[in-house]
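Examining the three-dimensional arrangement
Below, each chain spelled out in residue letters.
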Amino acid sequence: EVHLAYKVDIVVIGAGQAGLSSAYHLHELGLAPGRGYLVLDKAPAPGGAWQYRWPSLTLSTVNRVHDLPGMAFADVIDPGLTEVPASQAVPRYYEAYERKFELPVYRPVTVKVVCARGERFRVETDKETFSARGLINATGTWETPYIPDYPGRESFRGRQLHTRDYRTAEAFAGQRVLVVGGGISAVQILDEISRVTDTIWVTRSEPRFRDRPFTPEDGRAAVALVEDRVRRGLIPGSIVSVTGLPLTPALRAARERGVLARRPMFSAITPEGVRWADGQEEKVDVILWCTGFRSSLDHLAPLQIREDDGGIVMTGRLATEVARDPRIHLVGYGPSASTIGANRAGAAAARELTATLGIGGISAN
Ligand code: FAD
């Protein structure tokens with residue numbers, strides 16, 4: 001039995017902000033949709049991970065969704081509609097975007113594994129197999145929730161969930177909820193749940209709140225730090241650890257309600273709750289792990305792009321190129337893990353990869 005792989009120059013894996021920006025630039029560089037480049041996406045519909053965000057994450061509570069190149073968010077979604085869930089608005093924008101530029105997005109297709117085959121890559125999916133000369137990986141983090149290991153985790157008789165599973169605060173009414181984590185999602189969800197029930201908040205380090213608004217310089221500094229890390233092959237690390245948590249009016253109110261009285265991490269999980277190193281215990285019904293995500297890169301494991309300690313040495317203008325193999329770009333990884341970063345990184349990756357492969361003629365602006 002012969003399995004013929006579908007041949008394409010560049011496969012883009014993932015159709016979130018990073019994948020769409022990359023696809024736009026490949027299109028601008030003159031690559032033909034289908035044979036020149038193809039986007040494979042696991043999700044059933046346009047929207048990247050945005051389609052899975054919880055309903056109370058609205059356009060007024062997200063940080064900001066940056067425009068994709070060539071078509072403004074405000075052209076599709078009325079900027080006055082601040083209370084619309086991001087899980088509806090962003091997918092609508094991406095859908096219009098894919099249609100406008102006729103981007104060849106093939107879905108739902110899950111990339112299972114990518115192997116190197118001489119001059120080409122073999123991209124195995126739950127549908128066809130593809131053979132590509134270059135890869136732009138833009139699979140984000142949503143598929144890889146991270147929960148740290150604490151002794152006794154399996155013994156807990158209550159409910160444990162991750163940020164990814166959170167829908168509404170009302171679901172927790174009448175229960176005692178322990179929220180773990182010091183990121184933006186953690187404090188937003190803590191704020192919501194604490195309005196309807198009893199909460200406890202634990203974080204590894206003392207959270208730093210910022211009173212003044214986040215400036216573009218702050219953003220650049222945070223990105224520069226992460227960029228420096230990935231160029232040295234280190235694990236990217238969290239942006240909030242650099243920027244601090246913005247004190248929104250909602251968070252100020254939460255602080256006044258006494259909800260932000262943070263406690264240090266517990267040392268063990270018991271059947272009824274958690275225990276700290278000093279012997280103190282708390283009983284809880286729910287442990288909600290708002291402990292973040294990791295880059296979804298397992299399907300690239302056979303390519304051996306990781307160093308021994310798990311980091312990946314990145315190079316190129318915006319650090320999207322894998323130093324061990326310039327035919328592989330990671331967009332939305334490390335310094336480009338934001339909507340604005342993914343946008344810029346998509347342009348850099350498309351240009352550098354087509355140059356590496358010697359394809360595409362028209363230069364994008
Ligand atoms: P995603 O949007 O996750 O897209 C990845 C795509 O790849 C998905 O469609 C997925 O189905 C697909 N995929 C994954 N694995 C495979 C596979 N094996 N095969 C095929 N397809 C696959 N950033 C901001 O700039 N502003 C914000 O306000 C903001 N708010 C955020 C709120 C939350 C709760 C979270 C978790 C993140 C937020 N971010 C925000 C960060 C945000 O995730 C990024 O900015 C950006 O949207 C990520 O885009 P992406 O394209 O890298 O990933």
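First things first, this report covers the structure right here in the doc. Here the structure is a predicted model, which means the values were calculated and not measured.

Quick word on the pattern of salt bridges
Considering all chains together, one arrives at 22 salt bridges under this definition. R157 serves as the salt-bridge partner of E272, at 2.6 Å between the closest nitrogen and oxygen. Remark: R157 occurs in the loop between β6 (129–137) and β7 (159–162) and E272 occurs in the loop between β13 (268–269) and β14 (273–275); sequence separation between them is 115 residues. Given the relative accessible area of 37%, E272 is considered partly exposed. When its relative accessible area of 64% is taken as the criterion, R157 is described as exposed. For the salt bridge of E281 with R275, the shortest nitrogen-to-oxygen distance reads 3.8 Å. Exposure remark for R275: the relative accessible area of 33% places this residue in the partly exposed category. When salt bridges with common partners are traced through the structure, they connect R176, D198, R263 and E282 into a single cluster.

Points about the site of the ligand
Around the ligand there are 29 residues in total, and D41, N63, R64, V111 and T339 lie nearest to it. Backbone polar atom of Q17 to an oxygen atom of the ligand: 3.0 Å apart, as the coordinates give it. Bound to the protein, the ligand loses 89% of the 990 Å² it would expose on its own. For the shell around the ligand, the per-class residue count stands at twelve nonpolar, twelve polar and five charged.

Digging into the sheet that holds β13
Here three strands make up an open sheet; going across it, the order is β13-β14-β15 and the pairing antiparallel. Looking at which strands have only one partner, the edges of the open sheet turn out to be β13 and β15 (281–283). Summarising the sheet, β14 and β15 pair through three bridges and their orientation is antiparallel. Bridge assignment links V274 to a residue of β15, and that residue is E282.

Describing the packing of aromatic side chains
Within this structure, the stated rule accounts for 15 aromatic pairs. The interplanar angle of 35° and the centroid separation of 6.3 Å between the aromatic rings of Y24 and Y97 together place this pair among those described as tilted. Of this pair, Y24 sits in helix α1 (residues 17–28) while Y97 sits in helix α2 (residues 86–100), placing them 73 residues apart in sequence. Like Y97, Y24 is buried. One aromatic cluster is present, formed by Y24, F73, Y93, Y94, Y97 and F101 through successive ring pairs. A cation over a ring is seen here: R53 above W50, with NZ or CZ 4.3 Å from the ring centre. Over the aromatic face of W276 sits the side chain of R263, whose NZ or CZ is 4.2 Å from the ring centroid.

Reading the values: rules and limits
Residues numbered from 1 in each chain as written. Predicted model: local features only at pLDDT ≥ 70, side-chain atom pairs only at ≥ 80, totals over all residues. Heavy atoms only, no water. Salt bridge = Lys/Arg side-chain N within 4 Å of Asp/Glu carboxyl O. Helix = DSSP H or I, 4+ residues; strand = E, 2+ residues; numbered from the N terminus. Buried < 20%, exposed > 50% of the residue type's maximum accessible area, 1.4 Å probe, protein only. Near = heavy atom within 4 Å. Polar contact = N/O pair within 3.5 Å; in protein donor to acceptor, adjacent residues only side chain to side chain. Areas by Shrake-Rupley, 256 points an atom, 1.4 Å probe, with all protein chains shown as cover. Nonpolar A, V, L, I, M, F, W, Y, C, P; charged D, E, K, R; others polar. Pairing = 2+ DSSP bridges. Phe/Tyr/Trp six-rings, centres within 6.5 Å; stacked < 30°, edge-to-face > 60°. Lys NZ or Arg CZ within 6 Å of the ring centre and 35° of its normal.

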